[in-house]
Every structure is written in C-alpha cells, then in structure tokens.
Amino acid sequence: GENVEQHPSTLSVQEGDSAVIKCTYSDSASNYFPWYKQELGKRPQLIIDIRSNVGEKKDQRIAVTLNKTAKHFSLHITETQPEDSAVYFCAAGGSQGNLIFGKGTKLSVKP
Amino acid sequence: GAGVSQSPSNKVTEKGKDVELRCDPISGHTALYWYRQSLGQGLEFLIYFQGNSAPDKSGLPSDRFSAERTGGSVSTLTIQRTQQEDSAVYLCASSRAGANVLTFGAGSRLTVL
C-alpha cells in the first residue's frame, strides 16, 4: 500500500520568512496530493491540492510542487504570518480512493 | 447536514469494555473515511467506504476494530475489548463521489483507563 513520509516534523521560522515542507510517496499509481492544515484543537482542513497532470499550483502565499518521477511533492508558504502556525499534513492517493497522510509538520511562526 | 457530525465528542471507558463511535457524513457524500490521531501524532488511516463497494479495511490495527456503514450514510466504528493504547481522537471524514476532498468531523476523543 501507499506510504507517505513527511519532513521536517517541526519547523520554526521568523515572521515574513518562507517555509518549505517536503513529502515523498511510494505508490506510483497515486495521482492526487492534498495538503491539510490543523490548528490547535481543531479539525484538519484542506488548504491546497495538486493532481498528477500538473507540476505546480499556487494560491496566494501558498504553492505546491510535484515531481512524479522522484515521487515527491512540497508545500511552500511565503511571507509567513503568525496565523500560519499549525500542523500541516500532506497526503497521497487516487483521485477517488483512499488517502494516506504523512505524520505532520508543526510549523511555528515567530512574530 | 451542514457538516460531518461525530458522537460522542468525548468517551471515557475502562479497559476491556467495548465502545461505539458514530459518524454522520455530509448528505450526498458517498465516500466515508475513519482516521485515528494519537496525541501529537499524524492521521492514521483505519477504513474507507465508497458507495456500495467493499470497504478498504487495510488500516484497521487489529480484529478488535470493525466498522459498518448502513444505507450508505451513517457509519459506526466499534472497538471491542478496549486497551489503553486505543486512546486517541477518532476522526471521520466524507467526500463527494469522484473527488476525495475530505471534510472532517470534529472527532471523538476516546480515553481508555
């Protein structure tokens, strides 16, 4: 089955700096790669996703890149703000199937 | 409903007891997922239902865990003979057919004493 590795497990940045979180997956059949944000005490919420037919997707300060050959994808957050502090999860799966999540990255943005 | 509803929100039980956790997905969502989140840990996949297809049970950690989905809607996750290591937040999510954009419930926090 699918296995997703996520790094780093914790990340601390200064407000205004960029943050990058990386994930690798094992199943070459996976074609859907979402990222979820979980604030303290709340449920995970989708922030951005990418499908295997594109290499990059942007939404304001957030971007995701995908390298299918290397089976890795990354989340990039620019101009970080304190409200970006949360746990971020990557996931991989089929377009209509099960989703397997990474173990999460705790991002702390220091004012 | 407007969102994914889970009950109970909190459950404290004694080791060896059985527990049932309920998930009511968003109306019209055909896919339903159960995940387990231990304190400070990631989202561990448990089971996935899609329409009338056989569920993907590959994530269930032992035969003490089972889940049903009746009428393609409400799902119940049952843990028999609970152990302390079962203590976690159990999250349910649902998605529309053809797109696995998950909407999560608030979770059921299980504490096994």
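Predicted model only: the values in this text are computed from it and were never measured. (Residues numbered from 1 in each chain as written. Chains lettered and ligands numbered in written order. Predicted model: local features only at pLDDT ≥ 70, side-chain atom pairs only at ≥ 80, totals over all residues. Heavy atoms only, no water.)

Caption draft 1: Expanded view of the interface of chain B and chain A. Counting residues at the interface gives 20 residues for chain B, matched by 19 residues for chain A. Both sides of the chain B and chain A interface together cover about 1500 Å² of buried area, and 52% of this is carbon and sulfur. At the surface where chain B touches chain A, the tally comes to zero salt bridges. Scanning the region where chain B abuts chain A turns up six residue pairs in polar contact (both at pLDDT 80 or more). Counting residues per element, the ones that place at least two in the side of chain B that touches chain A are strand E4 (31-37) and strand E5 (44-50) of chain B. Of the residues that constitute the side of chain B that touches chain A, the class distribution is 12 nonpolar, seven polar and one charged. (Contact = heavy atoms within 4.5 Å. Buried area = accessible area lost by both parts, 1.4 Å probe. Salt bridge = Lys/Arg side-chain N within 4 Å of Asp/Glu carboxyl O. Polar contact = N/O pair within 3.5 Å; in protein donor to acceptor, adjacent residues only side chain to side chain. Helix = DSSP H or I, 4+ residues; strand = E, 2+ residues; numbered from the N terminus. Nonpolar A, V, L, I, M, F, W, Y, C, P; charged D, E, K, R; others polar.)

Caption draft 2: The arrangement of the side chain of B:Arg69 in detail. Residue and element names in this part refer to chain B. Topologically, Arg69 is positioned in strand E6 (residues 65-69). Buried and unpaired, Arg69 has Asp24 as its nearest opposite-charge partner, separated by 8.0 Å. From its side chain, Arg69 meets the backbone oxygen of His29 in a polar contact 3.1 Å long. In this structure the side chain of Arg69 is engaged in a polar contact, spanning 2.6 Å, whose partner is the backbone oxygen of Thr30. (Buried < 20%, exposed > 50% of the residue type's maximum accessible area, 1.4 Å probe, protein only. Lys, Arg positive; Asp, Glu negative; His and termini not counted.)

Caption draft 3: View of the environment of A:His76. Residues and elements named next belong to chain A. Assignment of secondary structure puts His76 in strand E8 (residues 72-77). Once the C-alpha coordinates of His76 and Arg61 are considered, the two residues, 15 residues apart in sequence, prove to be 8.0 Å apart. Residue contacts for His76: discarding those within four places in its chain leaves Ala19, Val20, Arg61, Ile62, Ala63 and Thr65. A distance of 3.5 Å separates the side chain of His76 from the side chain of Thr65, its partner in a polar contact.

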